[in-house]
Amino acid sequence: MTARLTPLALSVVTVGAWGLVLGVLSGRAELVVVVLPLLLGLLRLGRAGSARSVALSRAVSAARVFEGDRVTVTVTVTASGRVPLLELYEPLPPALRVVGGETRGLFSLRRGQQVEWRYEVECVRRGRVSLGAVRARLWGRAGLEAGETSIPLPWPLRVYPRPLPLRRLPGPRRMQAFVGNYVAPSVGEGLEPGDIRAFVPGDRVRHVNWRASLRFRRLFVTQYHQERNADVVLMLDTLAEAGTAPNTTLDASIRAAAALATAYLARKDRVGLIEYCGPFRWVRPSSGRAHHERIFEALLRADVMFSYVTQEVALVPRRILPPQALVIAISPLLDPRFEKALVDLAARGFDLMVLSPSPIPLVRRALRRTASAELACRLWALERRARADALHRLGITIVDWNPAEPLEAALGGLTRSRRRGVAR
Amino acid sequence: MRRLAAVLALVVVGAPLLVAPSSSVVTLGVLALILCGLGILVGTPVLAVGMIVALAEYALALRLADGPPRLAGAAMLGVALVLLLEVADFGLRARRAAIGPRVVAMQLRAWSLFAALASAGALLAGAAASIASASVRMPWAPALAAAGAAVTLVGMALALAAARARSDD
C-alpha cells in the first residue's frame, strides 16, 4: 500500500502558515488562536486503516451475455479491523458502460462488518471482457492522508454478438446429401410434389396419383422432391474496419454473421466460418447447438489484425470450403485483398454472394457535419458503387447494407433476385 | 455536504463583519466568499486560497476594530475553518460515489468530536497565553512566529515520516 498526504493536509498547513504570518503582521493574538485548531487537526495524521484489514470479493450476475445485455456487479467488502473510510473504484473496460449505481463507493466499516456494493453495467461491445483490479483508497477520518492499493479480482465476462432478427434467408443453389429444409431438384422421399410417372412394381400405393390414373386408365404415381440441407460458409473480412466502436463495419459484419449462422443452423444446415485477416482462420462446417457455440466463440475473438501475410483461397482445404457450399462473404470492401479473394472464389465456381455493410453511414455518424465531409462521403459512395459494379460484372452478387437499417430488409431483395435466378 | 460547507463558508466570511463591518472588510469578504464557493465546487486548493483571503479579512477587521483580544470567537473561527476544509473535501470525494451505510453519520460524529476538542484546546491555549502575558513580558510577535514555524515544521516532518512508514507497509 502506498500512503501519501492529501491535498487537504497541504491546504491545512498552508492556511495555518498564512494565519501565523498574518498574526505576526497584524500583531493580533486572535489569528494565532484561529490557527491552533488547524494545527491540532494535523495531530490526526496516521489514522488511515490498513489494506490488510479489508477483504474484497466480486460476483457478476452472468458470465456469458449478448451485446446490449445488462449485468449486475456485486462487490462484497469485509473488514477484519476497523476501517474509518474506504473508497473503492472500479475502472471499467470500454466494452462496458455503467447504467445503474456508481463504480465508486465510500464505506465506513466496523470490525467484522460486511457491506455489499452493487452497480449495473451494459455490455456495449462483443469480446472477452475482464473486470480487473479494484482500486482501494483508505482514508483517515479527517481525510488528511490516504493509502492506495489495488486488489486484483479477475472476473472474465464473455459478451457475444447479438444476432439480428432474420426470417428470410438467401437459399443455396446446391444441396447436400443430408435431410434438411430445402426442396432439392432430385426426386425421392419428401413433401413437395414433383413429377408424375407410370406405376412400376414396388411403388407405394399411397403415392398413386388417382386423378391422373383415372384420366389415362392406367396407374400413375406422384414423385416428390427430396428435402435436403446445405453447406453455408460465412467468410468474414477482418482486414480493415471503419467507424467508431461499438458501431464499426466489423461490429456490423459480426452481428450479421451471428444472425446468419443462427438462422442457417436453425434450418439444420451445416455452417462454417472463415475469417480472412491476411491469413485464414476457420471453423469447419457442421451443425447443431454445440457448433453454434463454436461459431460464436470464433466471432468473439474476431478482430482486425495487421498482417503482411496474404494467403490464397486455394489454400483453404475442401473440408472447410466444400465445393457445393453457399459462400456468404461479409465485407465492407475496404481492402483490395478481400476483393481479390472474392474474384478467386467466383472464378472457382462457388455459389457466392457478398453482404457489404456500408462504412459510409458509420463514418458520417462519427464526423462533424461539414460540406467537405458530405462531399467526401458522396465521392466515397460513388467509388464503392464503381467497385461493386466491377465485381457484379464478374458475376458476383453484392448486397449493399446500411447497418442502421434491418439486415432482413437488405437480404429481402437478394432472396427475390436469387429465386428468379438473377444476379444483381 | 455542499450545503453544510456553504453554511460554514458564510460563517467564516461573516465573522469578521461582526468585528468591523467596514467597506474594505466587506470587499475582502465578498472575494473570499466567491473563492470559497468556487473551492467547494472545484477543489480544496481553491478553497484554501479563499480561506487565506478570509483570514486576511479577519486580520483587517481586527486591525480596524482595535479592541481587546476576542479569543473565544477566534477559537470558533479556527474550528469553522478546519470543518469547512474537511466538509468540502469530503463532499468532493463523495460526489458521484455510492455511499455506504453510516458513512455520513460517522463522519458527522467525528467532526463534532473534533470541533469540541479543538475549540476547548484552543480556548485553553488562549487562556494560558493570556495568563502568561500578564506575568511575563516579552516580544510576543516574534516568539509566536517562531513557535508557529516550529510547530508547522514538526507537523510536516511527522506527517512525512508517517507517510513514509505507511508506504513501507
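Please read these numbers as outputs of a predicted model, since none were measured by experiment. (Residues numbered from 1 in each chain as written. Chains lettered and ligands numbered in written order. Predicted model: local features only at pLDDT ≥ 70, side-chain atom pairs only at ≥ 80, totals over all residues.)

1. Some remarks on the overall build of chain B
Here is step 1 of the chain: The helix and strand tally for chain B stands at 6 helices and 1 strand.
Here is step 2 of the chain: Starting at the N terminus and ending at the C terminus, chain B contains elements arranged as α-α-α-α-β-α-α.
Here is step 3 of the chain: A buried classification covers 40% of the 169 residues belonging to chain B.
Here is step 4 of the chain: Long-range contacts, defined as pairs at least 24 residues apart, comprise 74% of the intrachain contacts of chain B with a sequence gap of at least 6. (Helix = DSSP H or I, 4+ residues; strand = E, 2+ residues; numbered from the N terminus. Buried ≥ 20, exposed ≤ 12 C-beta atoms within 10 Å, placed from the backbone. Contact = placed C-beta atoms within 7 Å.)

2. Here we look at the packing of helix 2 (residues 29-41) of chain A against helix 3 (residues 44-65) of chain B
Here is step 1 of the chain: Relative to each other, helix 2 of chain A and helix 3 of chain B sit at 150°, their axes nearing to 10 Å. Relative to helix 3 of chain B, the element helix 2 of chain A lies roughly antiparallel. The two elements helix 2 of chain A and helix 3 of chain B meet at a crossing, and its hand is right-handed. Residues A:E30, A:L31 and A:V34 of helix 2 of chain A pack against B:L55, B:Y58, B:A59 and B:L62 of helix 3 of chain B.
Here is step 2 of the chain: A class-by-class count of the residues in the contact of helix 2 of chain A with helix 3 of chain B yields 6 nonpolar, no polar and 1 charged. (Axes fitted to C-alpha atoms, helices over the stretch in contact; angles between N-to-C directions. Parallel < 35°, antiparallel > 145°, perpendicular 65-115°, else oblique. Left-handed = near helix turned anticlockwise from the far one by under 90°. Nonpolar A, V, L, I, M, F, W, Y, C, P; charged D, E, K, R; others polar.)

3. Describing the sheet that holds strand 11 (residues 179-188) of chain A
Residue and element names in this part refer to chain A.
Here is step 1 of the chain: Ordered in space as 11-13-12, the 3 strands form an open sheet in which the pairing is antiparallel. A strand with exactly one partner marks an edge of an open sheet, and here the two such strands are strand 11 and strand 12 (192-198). On average, each strand axis in the sheet is inclined to that of its neighbour by 40°, with strand direction left out of account.
Here is step 2 of the chain: Here strand 12 runs beside strand 13 (residues 220-228); their pairing, made up of 5 bridges, is antiparallel. Bridging from a neighbouring strand, P193 pairs with Y224 of strand 13. (Pairing = 2+ DSSP bridges.)

4. What about the nonpolar core?
Soluble, globular proteins show a tendency: their nonpolar side chains are buried together.
Here is step 1 of the chain: Among the nonpolar cores identified, the biggest contains 157 residues, and A:L234, A:I328, B:V12, B:M51, B:L55, B:L81 and B:L84 are the most heavily contacted of them.
Here is step 2 of the chain: If near-sequence neighbours (up to four positions away) are discounted, B:L55 is found in contact with A:W18, A:G19, A:L22, A:L31 and A:V34. (Core = buried A, V, L, I, M, F, W, Y, C linked by C-beta atoms within 7 Å.)

5. Concerning the domain arrangement of chain A
All names here are of chain A.
Here is step 1 of the chain: Split into domains, chain A comes out as domain 1 (51-160), domain 2 (186-228) and domain 3 (231-419).
Here is step 2 of the chain: The C-alpha centroid of domain 3 is placed 39 Å from the C-alpha centroid of domain 1.
Here is step 3 of the chain: Contact residues are listed per partner, giving 8 residues for domain 1 and 6 residues for domain 3.
Here is step 4 of the chain: Mapped onto the side of domain 1 that touches domain 3, the elements with two or more residues apiece are strand 9 (127-139) and strand 10 (145-160). (Domains from an automatic or database assignment.)

6. Some details on the interface of chain B and chain A
Here is step 1 of the chain: In this complex, chain B contributes 61 residues to the contact, which on the side of chain A involves 56 residues.
Here is step 2 of the chain: Of all the secondary-structure elements, those providing two or more residues to the side of chain B that touches chain A are helix 3, helix 4 (71-94), strand 1 (98-99), helix 5 (103-135) and helix 6 (140-167) of chain B.
Here is step 3 of the chain: Across the side of chain B that touches chain A, the residue classes break down as 42 nonpolar, 10 polar and 9 charged.
Here is step 4 of the chain: Sheet topology places strand 7 (residues 104-109) of chain A next to strand 1 of chain B; 2 bridges connect them, and they run parallel. Residue A:L106 lies in a different strand from strand 1 of chain B, and its bridge partner there is B:I99.

7. Regarding helix 4 (residues 249-266) of chain A
Residue and element names in this part refer to chain A.
Here is step 1 of the chain: The end-to-end C-alpha distance of helix 4 is 26 Å, a good match for the 26 Å that 18 residues give at a rise of 1.5 Å each.
Here is step 2 of the chain: Judged by how many residues are buried, helix 4 sits mostly within the fold: 15 of 18 residues are covered.
Here is step 3 of the chain: Phi for K268, located one or two positions after helix 4, is positive at around 70°. (Expected span 1.5 Å × (residues − 1).)

8. Some points on the sheet that holds strand 2 (residues 54-60) of chain A
All names here are of chain A.
Here is step 1 of the chain: The 4 strands lie next to each other as 2-4-8-6, forming an open sheet whose pairing is antiparallel. Looking along the sheet, the strands with just one partner apiece sit at the ends: strand 2 and strand 6 (96-100). Within the sheet, the average angular offset between the axes of one strand and its neighbour, ignoring direction, is 35°.
Here is step 2 of the chain: Where strand 6 and strand 8 (residues 114-123) come together, 4 bridges link them in antiparallel fashion. The partner of R97 across the bridge, within strand 8, is E122.

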